[in-house]
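So you can see what is in the structure, the chains are spelled out below.
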Amino acid sequence: MSGLESLGLLGLFLGTFLAATVVPFSSDALYVAILLATKQPVSCLIIGTLGNWLGGITTYWIGRIGRWEWVEKWFKVKRETLEKHKAKVDKYGVWLALISWVPIVGDIFVIALGFYKARPGWTMLLMLIGKFLRFWIWSLIFGYL
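Residues numbered from 1 in each chain as written. Predicted model: local features only at pLDDT ≥ 70, side-chain atom pairs only at ≥ 80, totals over all residues. Heavy atoms only, no water.

Engineer: Can you break down the packing of aromatic side chains residue by residue, with the values?
Structural biologist: Taken as a whole, this structure holds 8 aromatic pairs when the rule is applied. Ring centres 6.2 Å apart and planes at 20 degrees place the aromatic pair W68 and F115 in the stacked group. You can see W68 sitting in helix α4 (residues 68–74) and its partner F115 sitting in helix α6 (residues 105–115), a full 47 residues away along the chain. On the basis of relative accessibility, which here comes to 18%, the residue W68 falls in the buried class. Taking the centre distance of 4.9 Å and the plane angle of 80 degrees together, the rings of F115 and Y116 count as edge-to-face. Owing to a relative accessible area of 10%, Y116 belongs among the buried residues under this scheme. Connected via pairs of aromatic rings, a cluster forms that spans W68, F115 and Y116. Stacked on the ring of W70, the Lys or Arg R67 has its end atom at 6.0 Å from the ring centre. (Phe/Tyr/Trp six-rings, centres within 6.5 Å; stacked < 30°, edge-to-face > 60°. Helix = DSSP H or I, 4+ residues; strand = E, 2+ residues; numbered from the N terminus. Buried < 20%, exposed > 50% of the residue type's maximum accessible area, 1.4 Å probe, protein only. Lys NZ or Arg CZ within 6 Å of the ring centre and 35° of its normal.)

Engineer: Could you give an account of the pattern of salt bridges, with specific residues and numbers?
Structural biologist: Per the counting criterion, the structure on display carries 3 salt bridges. Among the ionic pairs, R134 bridges to D28, the shortest N-O distance being 2.8 Å. You can see R134 sitting in helix α7 (residues 120–141) and its partner D28 sitting in helix α2 (residues 27–38), a full 106 residues away along the chain. Judged by relative accessible area, D28 falls into the buried class, the value being 15%. (Salt bridge = Lys/Arg side-chain N within 4 Å of Asp/Glu carboxyl O.)

Here it is in structure tokens:
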């Protein structure tokens, strides 16, 4: 573990926040560790969801400030490739935010939703629902809800 579990609910918030940004980190393992240690399912569910959601919002806005020209120049991605990815994001739209909790690809979806200017309100709402359901299911699996 990362040592965050020793901070209890504060560590849960920090860890779930970081895991929803571009920092590679397993919020699931941390969530389960804190849940089992504290035996506070409602607090864990609220704090874990809130941290992960706010981290996702941060990632969305990082994507939102990105510019096509920057990606083309710094990452050597061709405009055609960006347009192809935009078409995919446009096809699924804000619904991609529901699966933003999926490790690795979820963060990519969120940054893409920001980068391609998906509607922020719906993106945030669907991201909140998806992240809540993720931690709710972990709580159910371990018999705390």
